[in-house]
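Observations on chain architecture
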Amino acid sequence: MSSVLYDAPGPRAKRRNVLLSVVFVLLLALLLWWVWQKMDDKGQLKWALWQPFTTSEAWTTYLLPGLGNTLKAAALAMVIALPLGAVFGIARMSDHAWIRIPAGAVVEFFRAIPVLLLMLFAMEFYVRSTDVGSDERPLYAVVTGLVLYNASVLAEVVRAGVLALPRGQTEAAYAIGLRKGQTMTGILLPQAVTVMLPAIVSQLVVIVKDTALGGVMLQFTDLLNARGTLAANYANVIPSFIVVAVIFIVLNLILTTFASWLERRLRRSKRGTGAILGPDIEDINAGEVAGTFAAGAGGATP
C-alpha cells in the first residue's frame, strides 16, 4: 500500500524507524538529565526558589494580573485583526483595480515590517499625537502593532483559503445567477473557513506570544513583565521563567485544542448537509423551468 506522497514502509524501514525513535528518546532523556544536573549544581532546584509559587501572593499580586493583561491585549488584537484581515483579503481579490491595488499595497507594507517596530511606532504616535494617558499607552501600542501586522498576515490566509477552493464552486454560483459578493459571502468563505482554520489558529498563537514584546520593550504590564517584578522580589529568575513558559504553553494548548475541536465539528456538519442548493434556489429554478415549458407550449398553440 502506498500514499500519494510516499510509499508505505516495509519491514526493514519499520525496524529502522523504531531504532531511530528509540535513539531519539534516549538522547532527549540524556539532554533533560543534563539540564536537571546543571540546574541542581547551580542551586536552581532549591525549594526556597519554587516555594513562592505555592502561595497566593505570587499569583494574585504578580502573575494573574499580568496574565489578565496578556489575555486582554491578545483578545482585543484577535477581535480587530480577524475581520480586518478578512476585509483586506477579499479586497485583494476584487475585480476593481482601484480596490485591489491599494489593498495589496497595505497588506504587503505591514506584513514586511517587524511587529516590534510597529509597536514602537505606535507608542511614539500615541505619545506625540494623542491624549491617551501614560498608563494606557502601552496597551494601545501593543494592540495596534499586533493588529496591523497580524491583519495583513490573516489577509493572505483568507486569500489563499478562498483561492484553494475548486474553480467549479465559483462557476456554479455564477451559473445560478449569484453576484460576486453573494458568491464570496454565501459559498466561498463558509467553505474556506475549514481550510483556513489551522493557519488562523497558528496566527492567533503568534498574537498571544507577541504580547510579550510589549512587556519587554514598552513596559506593558503583561505576564512577562510581571514575572520580572516577581523575580526581583523573590530572587528566583530561572524558576519564574519556567513557570511563565508553562503558562504560555497551557494557553496555546487550550487555543489549539479548541480549534481542533471546532475544525472537526465543521467538517462533520459539512458532511451532513446533503445537497448544496437550498430549497429557495431549487424552488426558483423549478419555477423558471415550469415557466419555460409553459411559454413553449403557448408558442406551439396555433
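What counts and how
Residues numbered from 1 in each chain as written. Predicted model: local features only at pLDDT ≥ 70, side-chain atom pairs only at ≥ 80, totals over all residues. Heavy atoms only, no water. Core = buried A, V, L, I, M, F, W, Y, C linked by side-chain atoms within 4.5 Å. Buried < 20%, exposed > 50% of the residue type's maximum accessible area, 1.4 Å probe, protein only. Helix = DSSP H or I, 4+ residues; strand = E, 2+ residues; numbered from the N terminus. Salt bridge = Lys/Arg side-chain N within 4 Å of Asp/Glu carboxyl O. Expected span 1.5 Å × (residues − 1). Bend = angle between axes of the 7 residues up to and from the residue. Patch = residues over 30% accessible without salt bridge, like charges linked within 9 Å, V, L, I, M, F, W, Y side chains within 5 Å. Areas by Shrake-Rupley, 256 points an atom, 1.4 Å probe, with all protein chains shown as cover. Axes fitted to C-alpha atoms, helices over the stretch in contact; angles between N-to-C directions. Left-handed = near helix turned anticlockwise from the far one by under 90°. Contact = heavy atoms within 4.5 Å. Nonpolar A, V, L, I, M, F, W, Y, C, P; charged D, E, K, R; others polar. Parallel < 35°, antiparallel > 145°, perpendicular 65-115°, else oblique. Phe/Tyr/Trp six-rings, centres within 6.5 Å; stacked < 30°, edge-to-face > 60°. Lys NZ or Arg CZ within 6 Å of the ring centre and 35° of its normal.

Within the largest apolar cluster, 49 residues are counted, with the highest numbers of intra-cluster contacts made by Leu 63, Met 78, Val 142, Leu 146, Val 162, Ile 207 and Leu 223. Of all the elements in the fold, those that place two or more residues in this core are α3 (56–91), α5 (115–129), α6 (137–163), α8 (180–217), α9 (223–234) and α10 (237–271). Looking at which element gives the most residues to this core, the answer is α6, with 11 residues.

This part is about the pattern of salt bridges. In this structure the tally under the stated criterion is five salt bridges. Note that Arg 92 is salt-bridged to Glu 156, the shortest N-O span being 2.6 Å. Of this pair, Arg 92 sits in the loop between α3 and α4 (97–112) while Glu 156 sits in helix α6, and the two are 64 residues apart along the sequence. With respect to burial, Arg 92 and Glu 156 carry one shared label: buried. When the shortest N-O distance is used, the salt bridge between Glu 156 and Arg 159 registers 3.0 Å. Of this pair, Glu 156 and Arg 159 are both found in helix α6, three residues apart, which corresponds to roughly one turn of the helix. Judged by its relative accessible area of 24%, Arg 159 is partly exposed. Here the salt bridges share partners, and the residues they tie into one network are Arg 92, Glu 108, Arg 111, Glu 156 and Arg 159.

A word on α3. Given a rise of 1.5 Å per residue, 36 residues ought to cover 52 Å, and the 50 Å separating the end C-alpha atoms of α3 matches this to within 8%. In α3, a bend of some 40° at Leu 63 exceeds every other bend along the element, and Pro 65, a proline, comes one to four places later.

What follows covers a nonpolar patch on the surface. Taken together, the side chains of Leu 19, Val 23, Phe 24, Val 25, Leu 27, Leu 28, Leu 30, Leu 31, Leu 32, Trp 33, Trp 34 and Val 35 make up a nonpolar region of the molecular surface, amounting to roughly 1,200 Å² of accessible area. Within the fold, Leu 28 resides in helix α1 (residues 11–41).

Interaxial distance between α3 and α8 falls to 10 Å at its minimum, and their mutual angle equals 145°. Like other packed secondary-structure pairs, α3 and α8 cross with a definite hand, here right-handed. The residues of α8 that touch α3, namely those facing Thr 70, Ala 73, Ala 74, Ala 77, Met 78, Leu 82 and Ile 90, are Met 184, Leu 189, Ile 200, Leu 204, Ile 207, Val 208 and Thr 211. Considered class by class, the residues forming the contact of α3 with α8 number 12 nonpolar, two polar and no charged.

To continue, consider the packing of α6 against α8. When two helices pack together, you describe them by how their axes are tilted relative to each other and by the distance separating the axes. Where α6 contacts α8, the two axes come as close as 8 Å, and the packing angle between them is 150°. When the interaxial angle is binned, α6 and α8 end up roughly antiparallel. Here α6 and α8 pass one another in a crossing that is right-handed. Of the residues contributing to the contact of α6 with α8, the split by class is 18 nonpolar, five polar and one charged.

The next point concerns the environment of Gly 104. The topology assignment puts Gly 104 in helix α4. The class of Gly 104 is buried, set by a relative accessible area of 8%. Taking the C-alpha atoms as reference, Gly 104 lies 5.7 Å from Arg 92; in sequence the two are 12 residues apart.

As a further point, take the packing of aromatic side chains. Tallied over the full model, the rule gives six aromatic pairs. Ring centres of Phe 125 and Tyr 126 lie 5.6 Å apart, and the angle between their planes is 65°; this geometry places the pair in the edge-to-face category. Owing to a relative accessible area of 46%, Phe 125 belongs among the partly exposed residues under this scheme. Taking the relative accessible area as the measure of exposure, Tyr 126 reaches 14% and is therefore buried. Joined through ring pairs, the aromatic side chains of Phe 125, Tyr 126 and Tyr 140 make up one cluster. In this structure, Arg 227 packs its charged tip against the face of Phe 241, placed 3.8 Å from the ring centre.

Along the polypeptide, Leu 266 turns up in helix α10. Judged by its relative accessible area of 23%, Leu 266 falls in the partly exposed class. In the structure, Leu 266 is positioned 76 residues away from Pro 190 in sequence and 9.8 Å away in space, judged by C-alpha atoms. Residues within four places of Leu 266 in sequence aside, it is in contact with Val 193, Thr 194 and Leu 197.

Before going further, it helps to spend a moment on unusual backbone geometry. Phi at Gln 219 is positive, roughly 60°, even though this residue is not glycine. One can find Gln 219 in the loop between α8 and α9. Taking the relative accessible area as the measure of exposure, Gln 219 reaches 54% and is therefore exposed. In this structure, Ala 235 takes a positive phi of about 55° despite not being glycine. By secondary structure assignment, the location of Ala 235 is in the loop between α9 and α10. Given the relative accessible area of 58%, Ala 235 is considered exposed.

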